[in-house]
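Breakdown of the fold
These are the residues of each chain, in order.
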Amino acid sequence: MRSTEPATSTGPTLQETVGRLPYAKGHGTGNDFILVADPLDTHSIEPGQVARMCDRHRGIGGDGLIRAVPSSTLAEGRAILETRPDAYWFMDYRNADGSLSEMCGNGVRVFVHFLVCEKLVEMPVGATLPIGTRGGLKIVTRLEDGYAVDMGAWEFIHAQAAATNGLDSRVETTGLAKVRGALSVSMGNPHTVVAIADTGELEGIELTSTPAVEPLPPHGTNVEYVLAADPLVSGGRGSVRMRVHERGVGETLSCGTGACAAAIATRHWAQAHDIRQWSVQVPGGELGVGFVDGPDGLEHVVLSGPAVLVSRGEVSAS
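These remarks concern the structure in this document. Since the structure is predicted, the reported quantities are computational estimates derived from the model, not experimental observations.

With that settled, consider the state of the cysteines. Taken as a whole and judged by the stated rule, the model has zero disulfides. Of all cysteine sulfurs in the structure, the one in Cys255 sits closest to Cys104, which takes part in no disulfide; the separation is 6.2 Å. With relative accessibility at 3%, the residue Cys104 sits in the buried group.

Another point: empty space enclosed by the protein. Under the defined criterion, the tally for this structure stands at one cavity of 30 Å³ or more. For the lining of the largest cavity, a count of residues per class yields four nonpolar, five polar and two charged.

Right, let's talk about unusual backbone geometry for a bit. In this structure, the amide linkage connecting Glu214 to the following residue, Pro215, adopts the cis form with an omega of -5°. Between Asp230 and the following residue, Pro231, the backbone shows a cis peptide bond with an omega angle of 5°. Structurally, the position occupied by Pro231 is in strand 13 (residues 222–234). Backbone geometry places Thr29, a non-glycine residue, at a positive phi of 50°. Note that Thr29 resides in the loop between strand 1 (21–28) and strand 2 (31–37).

Next up on the list: helix 2 (residues 47–54). For helix 2, the complete set of buried residues consists of Gln49, Val50, Met53 and Cys54. All buried residues of helix 2 project into a common sector of 130° when viewed along the axis, lining one side.

Take helix 4 (residues 105–117) next. Taking 1.5 Å per residue, 13 residues should reach 18 Å; helix 4 reaches 19 Å between its end C-alpha atoms and fits that length. Burial of helix 4 is extensive: twelve of the 13 residues sit out of reach of the surface. Listed as buried for helix 4 are Gly105, Asn106, Gly107, Val108, Arg109, Val110, Phe111, Val112, His113, Phe114, Leu115 and Val116. Phi for Lys119, located one or two positions after helix 4, is positive at around 60°.

What counts, and where the lines are drawn
Residues numbered from 1 in each chain as written. Predicted model: local features only at pLDDT ≥ 70, side-chain atom pairs only at ≥ 80, totals over all residues. Heavy atoms only, no water. Disulfide = S-S within 2.5 Å. Buried < 20%, exposed > 50% of the residue type's maximum accessible area, 1.4 Å probe, protein only. 1 Å grid on protein atoms, 1.4 Å probe; cavity = no way out; pocket = protein on both sides within 12 Å on 5 of 7 lines; lining within 4 Å. Points joined across faces, edges and corners; volume = space filled by probe spheres on them. Nonpolar A, V, L, I, M, F, W, Y, C, P; charged D, E, K, R; others polar. Helix = DSSP H or I, 4+ residues; strand = E, 2+ residues; numbered from the N terminus. Arc of directions from axis to C-beta. Expected span 1.5 Å × (residues − 1).

Spelled out as structure tokens, the structure:
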């Protein structure tokens, strides 16, 4: 029905809230971000401003905002510089609601691609780049068709429960008839992984509301719903499908750290520890998850996938 009422203002414009601000928009398998280059640390973007910018109806729209700043400008970055003085750039990441997040696996690929496109770094295919994040140091390698990120060591949040019965929490989800057991995984940020029985269940989940997780981690959690392929392993490679509810955002088309957690949990449930290469299908595309022996003697997770910049602009009065 066409309204005959005149349009009215719903509040201050983005320019009034944020000021004039150049930005780029990018995504990794549909997980999209607003990116701001801030090499002099002059843009203090507050949580409310981030939320306004990420609003998909009244702002630019995005699952989060990433600010590119020197690691030396933030306490977390300075701590990383103590052992990796070459980690010049820091990924200052906030979720769409303005809350801080430790890391984003899709986001760090898009972040590095943004640095390359802004000519803030030179990175030919095969080159690596250390990046500071609130989830620790991440090493990114440029591929022919994207980027691979050494996400570092993973761990079960409740190791004893994971070892004894493979479950440590319960999740109630709109669209699933019963409360489901789940497994908690840390990728530097928290994840709660739920196994799904079939395609109908996976597609019937309603993720506009936040799943109820018990016990809930202190800073919330991302919840992944994972459907194993049949067969689970083909040609030495495991395969799963996944949907995700990201804390501070809602359902997203993809989640890089969530894809890692999904592969970790599935591999544990199936006792397929010898399978080191996994394909994770998300609504926004496909991600690769690999397991390698890290230099610290721990098993690391390597996330690979595409990164694309789709537009550039400047917050301005309309």
